[in-house]
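Results of the structural survey
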Amino acid sequence: INMADATVAVGYRKMLMATYRHTTLDTKVVWSVNGNIVAEDLGYEFEATECGDYHITVTASNEDGTASASITIKVVNADEMPFIYTFDKFTYHTVAGRKLHIKPSVVSHDDISYVWEVDGSYIGACGADYTFQSDVVGEHTLRVTASKIVNSDINPTPDVIVHEFSVMVYEEGAFYRPQSGASKADWNKVYEYTPAPGQFINELKTGGFDGSHTTAQAAITYAEGRLKDSNWISLGGFGGYVIVGFDHSIDNTGDYDFGVIGNAFDGSSEPGVVWVMQDENGNGLPDDTWYELAGSESDKSETIRNYAVTYYRPSGAGMPVQWTDNMGNSGEIDYLSQFHTQDYYYPLWIEKDSYTLVGTRLEARNYDKSGNGSYWVQPHYDWGYADNFSPSDFKSSDKANLFKISNAVDFEGQKVNLTHIDFVKVQCAVNAKSGWLGELSTEVCGFYDCSLKNNK
């Protein structure tokens, strides 16, 4: 089931999905709540209308036998829900004059008041997140007080959560790393490889895995080995990403600054959004602010920013991977037993039973040209994406898409001036599948600095 035990408020709705290993046998799926049958389908929409404990069981059965899975959902009044207001980090770095978005990872209630202070000065009532901006180099202290009033007829008592943040502001270019005679055009380090589930993840033949990649570092070693051989790594379905760095800073020339090598061809584009980061705090790690590089789809209504997909570990070998998104949709990444034999598409090195990937989603353009499912086409996008057979920025000679740092935008979609960058992230930007071909998944084969590549 695509959900674990949970406590929710009255009014909560959730589409629950079941999955089972592919079989040609006629299989019946039955959902029951507290012993009463409520649905006979792969999906069941749970709706919490009254307080209490709901024991939900789904059972799949065919002539080979029966299997079941269960969860318990505790439903309480909204006032009884725990007050949660948390952040993933409390230390930030930025550059003078540049906007910094400080955003919570979890907010449990709507009826909360927020008061922010900067360096001891009262800012006033704001929202749950805050946009910091300062021209003053040095350390700044931010403080937010979140208050929720508990409904009570006698002496209502506010629930209060206080968070404090440290923000260090640096001068532009403080940690710029100039080229030297030893500088290489190509990337020099993979910092993170976190794909979404996909048919080439954990794959023992074409994918190049060997079953030993059970830690994040082992996954990085795998990705580095593949890229050093100019071989592709798959980012899996929507949101999967890889982060690389260079042995020098890449300058913003106003022209094409770096290339990302993929394996696109006419009729087969699997676009990846490209993000860039400047090493603002000079620690050599990609732990500062990511800026998206705008592309041809950035301002279109079909493009969704901050789109999130949660993937769930299958309960058995050979089963598809279920997903839900932050728009109420659900689906699965099909297990293609005719092509692959690995047990799971869920990355072996991810310990949690579910994980969420957030990014910018483009409208999928793939379609069945044959009309009978035999010939799928994945058209290109005009410009600005990796693994994309673009008419303007795709180089047929090395299958690289070229990118301009000058196209960087901030969290509001506004242009941001980056004199240089140090890290590049590519993230699969579509959530779609093409029949027997499986999920659309961005592939990456390499990265390079155009100025050094062209000079050599």
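Up top is the structure.
Here goes a summary of the coordinates provided. (Residues numbered from 1 in each chain as written. Predicted model: local features only at pLDDT ≥ 70, side-chain atom pairs only at ≥ 80, totals over all residues. Heavy atoms only, no water.)

1. Looking at helix α1 (residues 216-228)
Under the convention used in this document: Helix numbering and strand numbering both begin at the N terminus, where a helix is a DSSP run of H or I of at least 4 residues and a strand a DSSP run of E of at least 2. Here a helix's expected span is defined as the number of its residues, less one, multiplied by 1.5 Å. Only protein chains enter the accessibility calculation, which uses a 1.4 Å probe; a residue is then buried when its area is under 20% of its type maximum, exposed when over 50%, and partly exposed in between. For this analysis, residues touch if any pair of their heavy atoms sits within 4.5 Å.
The end-to-end C-alpha distance of α1, which contains 13 residues, comes to 18 Å, matching closely the 18 Å that a straight helix rising 1.5 Å per residue would cover. Within α1, the full set of buried residues consists of Ala218, Ala219, Ile220, Tyr222, Ala223, Glu224, Arg226 and Leu227. Next to the buried residues of α1 lie β17 (189-194), β18 (233-234), β33 (443-444) and β34 (446-449). Ser230 lies just past α1 and shows a positive phi near 60°.

2. Let's talk about the pattern of salt bridges
For the record, the criterion: Within this document, salt bridges are pairs made up of a side-chain nitrogen of Lys or Arg and a carboxyl oxygen of Asp or Glu, the two lying within 4 Å of each other.
Per the stated rule, a full pass over the model turns up 14 salt bridges. Glu45 is the partner of Arg13 in a salt bridge, and the nearest nitrogen-oxygen pair spans 3.0 Å. Of this pair, Arg13 sits in strand β2 (residues 13-17) while Glu45 sits in strand β5 (residues 43-47); the two residues are 32 residues apart in sequence, bridging distant segments of the chain. On the basis of relative accessibility, which here comes to 39%, the residue Glu45 falls in the partly exposed class. Between Asp353 and Arg313 there is a salt bridge; the shortest N-O distance is 2.8 Å. Residue Asp353 is located in the loop between β25 (330-333) and β26 (354-361), and its partner Arg313 is located in the loop between β23 (304-312) and β24 (321-325); the two are separated by 40 residues in the primary sequence. Among the ionic contacts, a cluster of salt bridges with common partners joins Arg98, Glu172 and Glu280.

3. Things to note about a nonpolar patch on the surface
Applied cut-off: The patches described consist of residues with a relative accessible area above 30% and no salt bridge, like charges being joined within 9 Å and nonpolar side chains (Val, Leu, Ile, Met, Phe, Trp, Tyr) within 5 Å. For the area figures, the Shrake-Rupley method with a 1.4 Å probe applies, and any residue is considered shielded solely by the protein chains shown.
Taken together, Phe339, Trp436 and Leu437 make up a surface patch of nonpolar side chains, about 280 Å² in accessible area. For Phe339, the position within the fold is in the loop between β25 and β26. By relative accessible area, which is 43% here, Phe339 ends up partly exposed.

4. Examining the packing of aromatic side chains
We apply this condition: We call Phe, Tyr and Trp rings a pair once their centres come within 6.5 Å, taking the six-membered ring for Trp, and we label the pair stacked below 30 degrees between planes, edge-to-face above 60, and tilted otherwise. Both a distance and an angle decide whether a charge sits over a ring: NZ of Lys or CZ of Arg must be within 6 Å of the ring centre and within 35 degrees of the ring normal.
Applying the stated criterion across every chain yields a total of 25 aromatic pairs. Here Trp116 and Phe165 contribute two aromatic rings whose centre-to-centre distance is 5.9 Å and whose plane-to-plane angle is 20°, an arrangement assigned as stacked. You can see Trp116 sitting in strand β12 (residues 113-118) and its partner Phe165 sitting in strand β16 (residues 158-170), a full 49 residues away along the chain. Accessibility assignment for this pair places Trp116 and Phe165 in one class, buried. Aromatic side chains Phe258 and Phe403 sit 5.6 Å apart centroid to centroid with 25° between the ring planes, which places their arrangement in the stacked category. Here the residue Phe258 occupies a position in strand β20 (residues 258-261), and Phe403 occupies one in strand β30 (residues 400-403), the gap between them amounting to 145 residues. With a relative accessible area of 0%, Phe258 lands in the buried category. One aromatic cluster is present, formed by Tyr85, Phe87, Phe90, Tyr92, Tyr114, Trp116, Tyr130 and Phe165 through successive ring pairs. Lying over the aromatic face of Tyr241, Lys425 brings its terminal NZ or CZ to 5.3 Å of the ring centre. A cation over a ring is seen here: Lys453 above Tyr448, with NZ or CZ 4.8 Å from the ring centre.

5. Quick word on the pairing of β24
Definition in use: Any two strands with at least two DSSP-identified bridges between them are counted as paired.
With five of five residues buried, β24 is to be regarded as a mostly interior element. Here β24 shows two buried faces, one formed by Val321, Trp323 and Asp325 and the other by Gln322 and Thr324. Sheet analysis places β23 next to β24, joined by four bridges and oriented antiparallel. In the strand pairing of β24, Tyr312 is matched with Gln322. Here β24 runs beside β25; their pairing, made up of four bridges, is antiparallel. What sits directly across from Trp323, in β25, is Gly331. Linking β24 back to β25 in an antiparallel pair, the connection comprises four residues, with Gly328 at a positive phi of about 90°.

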